[in-house]
Amino acid sequence: MREMRNGKKRNGNRSRLIAGVFSFLFSVAILFGGRLDSVENVDVKDGTLWLLLVACTVIFTGLVLFLWRLMDGMQHRGTSSAGKAARKITALFHVTDAQADAAVFLFLLLCWLPVFLAVYPGFFVYDAQDEYVQVATRTFSTHHPLVHVLLLGGIICAVHKLTDSYNPGIACYMVFQMAVAAGVFTFLFSYLRKKRTPLVLRLIGMVWLGLFPTVVMFTLCSAKDALFTLALLLLMICLLEMGTEETFFESGGFRLLFVCSGAAMMLLRNNGFYAFLVMIPLLLILKKGHRAQLFILSACAVAGCLLINGGLKMALHADDSEYQELLTVPIQQLARTYKYAPEAFSEQDLEILYEVLDEEALSLYTPRLSDPVKYRFDNGAFAKDKGRYAGLWLRTGMKKPLVYLNAWWMTSYGFWYPDTVINVYGGNTVFTFTYKDNSYFGYEVELPGVRESKIPWLDEVYRKLSLEVWKEKVPVVSWLFSPGAMFWIYAFLFAWLLNSRRYGLLYPFLPVFLIWLTVLLGPTYLPRYVLFFWYALPLFLAVARMKGGK
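Keep in mind that what you see is a predicted model, and the values were worked out from it rather than measured.

Peer 1: Quick one: what's the story with the overall build of the protein chain, residue by residue and with numbers?
Peer 2: What the protein chain contains, in helices and strands, is 26 helices and zero strands. For the protein chain, whose C-alpha radius of gyration is 25 Å, the value lies close to the compact-globule estimate of 24 Å for 550 residues. Out of the 550 residues belonging to the protein chain, those deemed buried represent 54%. Once local pairs closer than 6 in sequence are excluded, the contacts in the protein chain between residues at least 24 apart make up 77%. Working note: accessible area of the protein chain is about 24800 Å², and carbon and sulfur atoms make up 66% of it.

What follows is the structure, given as structure tokens:
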């Protein structure tokens, strides 16, 4: 009896600890993010801030524990009456697995088709012109993933030769991406069906992926983010299978999918490569009984990525002399210090700084976006003596650590502050418009493409969703569009599963959080960098419903 009481006490203390840590971090995000959003600075010497932090942590801890008890109760009650009714409907119509998969595939395409016609030839934006020009001029660089450059530019150039028009080529790429997305999502729902996820939950997931604007926007967008996220989603499915089924390492299909999806993810974004490398030792620790097999699979994925990428660089003579993408945060920190605390630089330090960032570049500092300064960074000067500039950065940071922290937070807080309004490009003029109060999504069609809408009223709906702020001002609804809010939904599910000791269900969270950490070091905060929060939501809601994994 005493042992049972002691066990319950330990479990209670554990729950309070996990809920307390989660609530503390969430409170930091709310309080720090609110100050960054309003005054572009967090004053850590403000005593009121820390008192509010303590109070919020206590309140949120109680709320989290209450929600967990509620969710545990729902979990123990098992299948709902709605789920039973759904199974009866399925049995009534005698739908085979192949028919169900075909229905999902067609449903998704039919959902996206009207929007595709409305924004024809698609959202050709976010470096699309640059990628096409690389192929058209046969002048390549590693600034963008070469696999995607060749795929996008190759399709456009090939179709242009046949039709003497650019729009059909752009449209062909969009149709290709739509088909890939529909195929991957169909595989997801097929997998969830085999895991006995309730039909109601699967139907909700289908509607989400078919109709939610953020999903639709990027499925019809030429940027590499959609294909990267689809590869990542397949990797998450592999990790879920690895964490919940001992037969994973006996399945040739899943092992091949793990290697291929991991390699594709790494090929399509550099931060995917770094996240995968960090994930390998974590998986080796978790899967003690299969370390040799897991190491071989991971090594095959990494080797495949390196061989393909290296081969393309050699074959295309691609320029890889750029450093500013890796140095986004240090560049922004030096620029902020130059603007707000110039006394931190000695005359000698200023001379060193001007060698890589001249005065004009430093004058262009904007807190939420590093691009204006970053694009003027002198890569050649930096390459000659990297240690010289690293020393400057370290010396300056030792003098002004809070300036450095605020510089970093300002380009990343949108990924963790739920109420962020995405307006990092405000005032910037692009090909067909000027960003005003919102830059949630790059709505336009870059040259050589031209918008030829077949459904103008629906095109206007997506223009407003992309470039107007109203959706981010509506309570509750705004959180569905917010990268910061979506992160906390995933973090909440992770903490709940951790508290429930369902460790096997936590595997697919690994790449999510690792890639999220890498985007914190990026040039700004945009939904495109964390698109997986929207694409993978049906998978993680199903994970929350699963009972295994202990």
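We are not done yet, so read on.
Peer 1: Give a description of the environment of Thr-432 that names residues and reports values.
Peer 2: Within the element layout of this structure, Thr-432 appears in the loop between helix H20 (401–412) and helix H21 (456–467). With 14 residues separating them in the primary sequence, Thr-432 and Glu-446 have C-alpha atoms 8.2 Å apart.

Peer 1: Before we move on, could you go through the nonpolar core and cite the residues and values that matter?
Peer 2: If you look at the biggest cluster of nonpolar residues, it comprises 164 residues, and the most contacted ones within it are Trp-68, Phe-185, Phe-258, Phe-276, Trp-416 and Phe-533. With sequence-adjacent residues up to four places away left out, Phe-258 is seen in contact with Leu-235, Cys-238, Leu-239, Met-242, Phe-248, Phe-276, Leu-283, Leu-294, Leu-297 and Ser-298. Val-356, Val-373, Phe-377 and Tyr-389 belong to the second-largest nonpolar core, a separate cluster that totals 20 residues.

Peer 1: Hey, could you go over the pattern of salt bridges for me, with residue numbers and the actual values?
Peer 2: Scanning the entire structure with this criterion turns up 19 salt bridges. Note that Arg-193 is salt-bridged to Asp-101, the shortest N-O span being 3.0 Å. Here Arg-193 is found in helix H7 (residues 167–194), whereas its partner Asp-101 is found in helix H4 (residues 97–118), with 92 residues between them in sequence. Taking the relative accessible area as the measure of exposure, Asp-101 reaches 21% and is therefore partly exposed. Lys-399 is the salt-bridge partner of Asp-349, the closest N and O atoms lying 4.0 Å from each other. Remark: Lys-399 occurs in helix H19 (residues 386–399) and Asp-349 occurs in helix H15 (residues 347–356); sequence separation between them is 50 residues. Take Asp-349: its relative accessible area is 5%, and that puts it in the buried class. Classification of Lys-399 as partly exposed rests on a relative accessible area of 45%.

Peer 1: Lay out the packing of aromatic side chains in plain terms, naming residues and giving numbers.
Peer 2: For the structure on display, the rule yields 48 aromatic pairs. Taking 4.2 Å as the distance between ring centres and 15 degrees as the angle between the ring planes, the aromatic pair formed by Trp-208 and Phe-212 counts as stacked. Trp-208 gets classed as buried once you look at its relative accessible area, which sits at 14%. Judged by its relative accessible area of 11%, Phe-212 is buried. An angle of 45 degrees between the planes, with centres 6.0 Å apart, marks the rings of Phe-258 and Phe-276 as tilted. Taken together, the residues span a long stretch of sequence, with Phe-258 in helix H11 (residues 252–268) and Phe-276 in helix H12 (residues 270–286) at a distance of 18 residues.

Peer 1: Explain helix H10 (residues 225–244) to me, using residue names and the numbers behind them.
Peer 2: The terminal C-alpha atoms of H10, which comprises 20 residues, lie 28 Å apart, in line with the 28 Å expected from a rise of 1.5 Å per residue. By the criterion of burial, H10 is predominantly enclosed, with 19 of the 20 residues buried.

Peer 1: Which residues make up a nonpolar patch on the surface, and what values go with them?
Peer 2: On the surface, a cluster of nonpolar side chains totalling about 460 Å² of accessible area is made up of Leu-63, Phe-66, Leu-67, Leu-70 and Met-74. Structurally, Phe-66 can be placed in helix H2 (residues 47–76).

Peer 1: Explain the packing of H10 against H11 to me, and be specific about the residues and the numbers.
Peer 2: Taken N-terminus to C-terminus, the directions of H10 and H11 make an angle of 145 degrees; their axes are 8 Å apart at the nearest point. Judged by the sense of rotation from one axis to the other, the crossing of H10 with H11 is left-handed. When H10 is examined against H11, the residues Leu-227, Phe-228, Ala-231, Leu-232, Leu-234, Leu-235, Ile-237, Cys-238, Leu-239, Glu-241 and Met-242 are found in contact with a partner set consisting of Phe-254, Leu-257, Phe-258, Ser-261, Gly-262, Ala-264, Met-265 and Leu-268. Per-class residue counts for the contact of H10 with H11 are 16 nonpolar, two polar and one charged.

Peer 1: How would you sum up the side chain of Lys-374? Please name residues and give values.
Peer 2: Assignment of secondary structure puts Lys-374 in helix H17 (residues 371–374). Engagement of the side chain of Lys-374 in a polar contact is seen with the side chain of Asp-371, the distance being 3.0 Å. Ignoring any residue separated from it by four or fewer positions in sequence, one finds Lys-374 in contact with Gln-324, Glu-325, Thr-328, Ile-331 and Pro-523.

Peer 1: Describe in detail H15, supporting the description with residues and values.
Peer 2: Within H15 the residues assigned to the buried category are Asp-349, Ile-352, Leu-353 and Val-356. Buried positions in H15, seen along its axis, are confined to an arc of 100 degrees and lie on one side of it. Away from the buried face of H15 by more than 90 degrees, exposed residues Glu-347 and Glu-351 are located. The secondary structure elements touched by the buried residues of H15 are helix H14 (328–340), helix H16 (359–363), helix H18 (379–384) and H19.

Peer 1: Hey, could you go over the confidence of the model for the protein chain for me, with residue numbers and the actual values?
Peer 2: In the predicted model, the protein chain carries a mean pLDDT of 92, and 94% of its residues have values of at least 70. For the protein chain, per-element mean pLDDT is lowest for helix H3 (residues 81–93), which scores 55, and highest for helix H25 (residues 532–535), which scores 98.

Peer 1: Explain unusual backbone geometry residue by residue, including any values.
Peer 2: Backbone torsion omega between Tyr-120 and Pro-121 reads 10 degrees, so that peptide bond is classified as cis. Considering the arrangement of structural elements, one finds Pro-121 in the loop between H4 and helix H5 (128–137). With an omega dihedral of 10 degrees, the bond running from Leu-447 to Pro-448 counts as a cis peptide bond. Structurally, Pro-448 is set in the loop between H20 and H21. A positive phi angle, close to 60 degrees, is found at Asp-164, a residue other than glycine. Non-glycine residue Val-476 carries a positive phi angle of around 70 degrees. A relative accessible area of 68% means that Val-476 is categorised as exposed.

Peer 1: Would you mind going over the environment of Ala-390 in detail, with residue names and values included?
Peer 2: Here Ala-390 shows up in helix H19. Residues Ala-390 and Leu-234, spaced 156 residues apart in sequence, show a C-alpha to C-alpha distance of 38 Å.

Cut-offs and rules
Residues numbered from 1 in each chain as written. Predicted model: local features only at pLDDT ≥ 70, side-chain atom pairs only at ≥ 80, totals over all residues. Heavy atoms only, no water. Helix = DSSP H or I, 4+ residues; strand = E, 2+ residues; numbered from the N terminus. Rg over C-alpha atoms; globule rule 2.2 N^0.38 Å. Buried < 20%, exposed > 50% of the residue type's maximum accessible area, 1.4 Å probe, protein only. Contact = heavy atoms within 4.5 Å. Areas by Shrake-Rupley, 256 points an atom, 1.4 Å probe, with all protein chains shown as cover. Core = buried A, V, L, I, M, F, W, Y, C linked by side-chain atoms within 4.5 Å. Salt bridge = Lys/Arg side-chain N within 4 Å of Asp/Glu carboxyl O. Phe/Tyr/Trp six-rings, centres within 6.5 Å; stacked < 30°, edge-to-face > 60°. Expected span 1.5 Å × (residues − 1). Patch = residues over 30% accessible without salt bridge, like charges linked within 9 Å, V, L, I, M, F, W, Y side chains within 5 Å. Axes fitted to C-alpha atoms, helices over the stretch in contact; angles between N-to-C directions. Left-handed = near helix turned anticlockwise from the far one by under 90°. Nonpolar A, V, L, I, M, F, W, Y, C, P; charged D, E, K, R; others polar. Polar contact = N/O pair within 3.5 Å; in protein donor to acceptor, adjacent residues only side chain to side chain. Arc of directions from axis to C-beta. pLDDT = per-residue confidence, 0-100.

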